[in-house]
Amino acid sequence: MALGRALVRDPVAFLLDEPLSNLDAKLRVQTRAEIAQLHRRLDATFIYVTHDQVEAMTMSDRIAVMMGGRILQCASPDLIYEDPDTIEVAEFIGSPKINILPVSLDSDGRLSFFDHDLDLRATTRIEGAISLGLRPEAVHLATDDAVFNGTVAHTENLGAELYVQVDIPGLENRIVLRTEASRRADLSIGTAVGLGFDAASALVFDGNGQRVRRIEVPSPIAAHEVA
């Protein structure tokens, strides 16, 4: 109703402050599409405030991620997701949440996880504790050449997709991967699995949570998907 009253005045910009927060899930999806269509038809500026990352990712041309009164990054949805500037932005956008792993750096700049060479090399000095970020879709099931080995702790069947949480010995947080739902028969709770990851999709952060972009991938990590 408030949006309708505003339309009568033919404004050049609209400010929408969490307009869908009180709607149920089905109506929220429908209304998201209607607002996006209205935006395209009016060709006006919409400033849309939301805590819902799905709304931000699906409705925006640009996203400004704000925390503590500061804009941490302002870019397109694709860039925010694939190329975050900070670990805070990386953790805020994405469901399931990005995997954050502690890694170490040797004198040659090569990164390792629990003394396992990750085949990633930093070409610049990194200050403080180093973290490796892996989106769930960047992690895959692997055979004997796995980078990580653990046991299935929990699965979530979303129909076409399966989210798998894996306990890794010595790691506080579980690693989450996304795979096909058809694999669920092979991934029952307690099953031992090996995991690899796409090195080109790995994100590295320094001790201040800032993105380290000068990272080389000397060769693809060898990891074969389980047949």
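In case you missed it, the structure is sitting above this.
Before going into details, it helps to say that this report is about the structure given with it. (Residues numbered from 1 in each chain as written. Predicted model: local features only at pLDDT ≥ 70, side-chain atom pairs only at ≥ 80, totals over all residues. Heavy atoms only, no water.)

1. A closer look at a nonpolar patch on the surface
The line we're drawing: Residues with no salt bridge and a relative accessible area higher than 30% make up the patches, which join like charges within 9 Å and nonpolar side chains (Val, Leu, Ile, Met, Phe, Trp, Tyr) within 5 Å. Where accessible areas are quoted, they stem from the Shrake-Rupley method and a 1.4 Å probe; at the residue level, only the protein chains shown are allowed to cover. Should a side-chain nitrogen of Lys or Arg be within 4 Å of a carboxyl oxygen of Asp or Glu, the pair is scored as a salt bridge. A run of H or I in DSSP becomes a helix once it reaches four residues, and a run of E becomes a strand once it reaches two; helices and strands are each numbered from the N terminus. Partly exposed describes any residue whose relative accessible area lies between the buried limit of under 20% and the exposed limit of over 50%, with all areas from a 1.4 Å probe on protein chains only and scaled to the type maximum.
A cluster of nonpolar side chains, namely Leu15, Ile47 and Val49, defines an oily patch on the protein surface of about 290 Å² accessible area. Here Val49 shows up in strand β2 (residues 45-49). Residue Val49 is classed as partly exposed on the basis of its relative accessible area of 35%.

2. Structural notes on the packing of aromatic side chains
Operational definition: Stacked, edge-to-face and tilted are the three classes for Phe, Tyr and Trp ring pairs, Trp counted by its six-membered ring, which pair at centre distances within 6.5 Å; planes under 30 degrees apart are stacked, over 60 edge-to-face, the rest tilted. As a reminder, the over-ring test applies to NZ of lysine and CZ of arginine, requiring each to be within 6 Å of the ring centre and within 35 degrees of the ring normal.
Following the criterion strictly, the structure yields four aromatic pairs and no others. Ring centres 4.4 Å apart and planes at 20° place the aromatic pair Phe113 and Phe114 in the stacked group. Under the relative-accessibility criterion, Phe114 is labelled partly exposed at 45%. Seen in terms of ring centroids, Phe113 and Phe148 are 5.0 Å apart; in terms of plane orientation they differ by 85°. Their pairing is edge-to-face. Within this pair, whereas Phe113 is found in strand β6 (residues 110-113), its partner Phe148 is found in strand β10 (residues 148-157), the two being separated by 35 residues in sequence. For the residue pair Phe113 and Phe148, the accessibility class agrees, reading buried in each case. Each member of the aromatic cluster is reached from another via a ring pair, and the members are Phe113, Phe114, Phe148 and Phe197. Sitting over the ring of Tyr81, Arg135 keeps its end group 4.1 Å from the ring centre.

3. Considering the pattern of salt bridges
Taken as a whole and judged by the stated rule, the model has ten salt bridges. The partner of Arg213 in a salt bridge is Asp83, with the nearest N and O atoms 2.4 Å apart. Highlighted residues: Arg213 in the loop between β15 (211-212) and β16 (215-216) and Asp83 in the loop between α4 (77-82) and α5 (87-92), separated in sequence by 130 residues. The salt bridge involving Arg178 is made with Glu161; its shortest N-O contact spans 3.7 Å. Placement of the pair is Arg178 in strand β12 (residues 175-180) and Glu161 in strand β11 (residues 161-167), with a sequence separation of 17 residues. Here the residues in one salt-bridge network are Asp83, Asp85, Arg211 and Arg213, joined through shared partners.

4. Notes on the sheet that holds β6
Here is the rule we go by: Whether two strands pair comes down to DSSP finding at least two bridges between them.
Read across the sheet, seven strands follow the order β15-β14-β8-β5-β6-β7-β16 without closing on themselves; strand pairing throughout is antiparallel. Two strands in the sheet have a free side with no partner beyond their single neighbour: β15 and β16. Relative to β15, strand β14 (residues 203-205) runs antiparallel, the two being bridged by two bridges. Looking at the pairing, Val204 lines up with Val212 of β15.

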